[in-house]
Amino acid sequence: MITDPWFYLAAVPAILIVGISKGGFGGGLGLLAVPMMSLVISPVQAAAIMLPILCLMDLVGLWSFRGKGDFSLLKVLIPASLVGIIVGALSFSYLSERSLQFIVGSIAVLFTLNYWLRPARREAKEPSLARGSFWGWVTGFTSFSVHAGGPPLNIYLLPLQLDKSIYIGTTIIMFAAINYLKVIPYALLGQFSLANLSTAAVLAVLAPVGVRLGYWMHHRIDEKWFYRICFIFLFVTGSKLLFDALIG
């Protein structure tokens, strides 16, 4: 099990933020955990530790938002994400630690800049088989590699302007399907070592706490302030990973 206190200093707030985001704000910050943990350990190990924790979060989220979700969207998104997962699994062994740092850092920085610079919300878009399939594929691929499926999924879902609870329920069902599908290839790739699983078990207690906090905050906290603080955090960690990948 990992004993480095610096790891837990990064991992504990990261997992709580991810749980709160998943349980109350659509899971858009699910990509934050791996960049934060990657400041101390490799992105590969961080992703392996996070997967069991994310699976537990998904169970709590499914219960909290049971009966919510747009299944007409999911029947396009989930099959497309499976293709992305397969591509991610086949290419996983060809990605170096620095390339993964670059991917994680780029996604974090670009997603943050998009959040800060995007124009005000316009009229709602209609669902599209082509766009849903493409962004579902990208979601599966980035989710497999570094659990960063939130940004591409949000690029597709947010312009649809779904009801807030339906939107969150849809993202929870989507990532529950993706995360449990990822368990098999992660196991086949040898990512579930005793050290990784024991570390995940210690941190797992934070999973239901974070999700239930997010569910409680869903109708009580101004999500704008929550996201403003977290996106600053995300931009800083993403920039650090990009610097390490390019200069280190």
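The rules behind these values
Residues numbered from 1 in each chain as written. Predicted model: local features only at pLDDT ≥ 70, side-chain atom pairs only at ≥ 80, totals over all residues. Heavy atoms only, no water. Helix = DSSP H or I, 4+ residues; strand = E, 2+ residues; numbered from the N terminus. pLDDT = per-residue confidence, 0-100. Contact = heavy atoms within 4.5 Å. Core = buried A, V, L, I, M, F, W, Y, C linked by side-chain atoms within 4.5 Å. Buried < 20%, exposed > 50% of the residue type's maximum accessible area, 1.4 Å probe, protein only. Axes fitted to C-alpha atoms, helices over the stretch in contact; angles between N-to-C directions. Parallel < 35°, antiparallel > 145°, perpendicular 65-115°, else oblique. Left-handed = near helix turned anticlockwise from the far one by under 90°. Nonpolar A, V, L, I, M, F, W, Y, C, P; charged D, E, K, R; others polar. 1 Å grid on protein atoms, 1.4 Å probe; cavity = no way out; pocket = protein on both sides within 12 Å on 5 of 7 lines; lining within 4 Å. Points joined across faces, edges and corners; volume = space filled by probe spheres on them.

Colleague: Describe unusual backbone geometry, naming the residues involved and giving the relevant values.
Modeller: In this structure, Gln161 is a non-glycine residue whose phi angle is positive, near 55 degrees. As for its position among the elements, Gln161 is in the loop between helix H7 (150-157) and helix H8 (164-188).

Colleague: Would you mind going over the confidence of the model for the chain in detail, with residue names and values included?
Modeller: With 94% of its residues at a pLDDT of at least 70, the chain reaches an overall mean of 86. Model confidence for the chain, summarised as mean pLDDT per element, is weakest for helix H11 (residues 223-247) at 76 and strongest for helix H4 (residues 71-91) at 95.

Colleague: Which residues make up the environment of Leu157, and what values go with them?
Modeller: Take Leu157: it is sitting in helix H7. Expressed as a C-alpha distance, the spacing of Leu157 and Val44, which sit 113 residues apart in the sequence, is 28 Å. The residues touching Leu157, leaving out its near neighbours within four places in the chain, are Leu73, Leu77, Leu162, Tyr167, Thr170 and Thr171.

Colleague: I'd like a rundown of the nonpolar core, residues and numbers included.
Modeller: In this structure, Phe7, Ile53 and Leu203 are the most contacted members of the largest nonpolar core, which totals 59 residues. Looking at which element gives the most residues to this core, the answer is helix H3 (residues 43-64), with ten residues. If sequence neighbours within four positions are ignored, Leu203 has contacts with Phe7, Tyr8, Ala11, Val12, Ile15, Ile49 and Ile53.

Colleague: I'd love a proper account of the packing of H4 against helix H6 (residues 129-146), names of residues and values included.
Modeller: As a packed pair, H4 and H6 sit with axes 6 Å apart at the nearest point and diverge in direction by 40 degrees. One finds that H4 runs oblique with respect to H6. Between H4 and H6 the crossing geometry is right-handed. Within the contact between the two elements, H4 uses Val76, Leu77, Ala80, Ser81, Val83, Gly84, Ile85, Val87, Gly88, Ala89 and Ser91 and H6 uses Leu129, Gly132, Ser133, Gly136, Trp137, Gly140, Phe141 and Phe144. The residue makeup of the contact of H4 with H6, split by class, is eleven nonpolar, eight polar and no charged.

Colleague: Any details on the environment of Arg118? Residues and values, ideally.
Modeller: Within the secondary structure, Arg118 sits in the loop between helix H5 (97-117) and H6. Leave out the neighbours within four places in its chain, and Arg118 touches Leu113 and Leu158.

Colleague: I'd like a rundown of empty space enclosed by the protein, residues and numbers included.
Modeller: Counted under the stated rule, the structure contains one cavity of 30 Å³ or more. Approximately 130 Å³ is the volume attributed to the largest cavity. Lys22, Gly30, Leu54, His147 and Phe175 are, among the 13 residues lining the largest cavity, the residues nearest its centre. Put simply, the parts of the chain that give the lining of the largest cavity at least two residues each are helix H1 (5-24) and H8. Take the lining of the largest cavity: its biggest share by element is three residues, from H8. Residues belonging to the lining of the largest cavity are distributed by class as follows: four nonpolar, seven polar and two charged.

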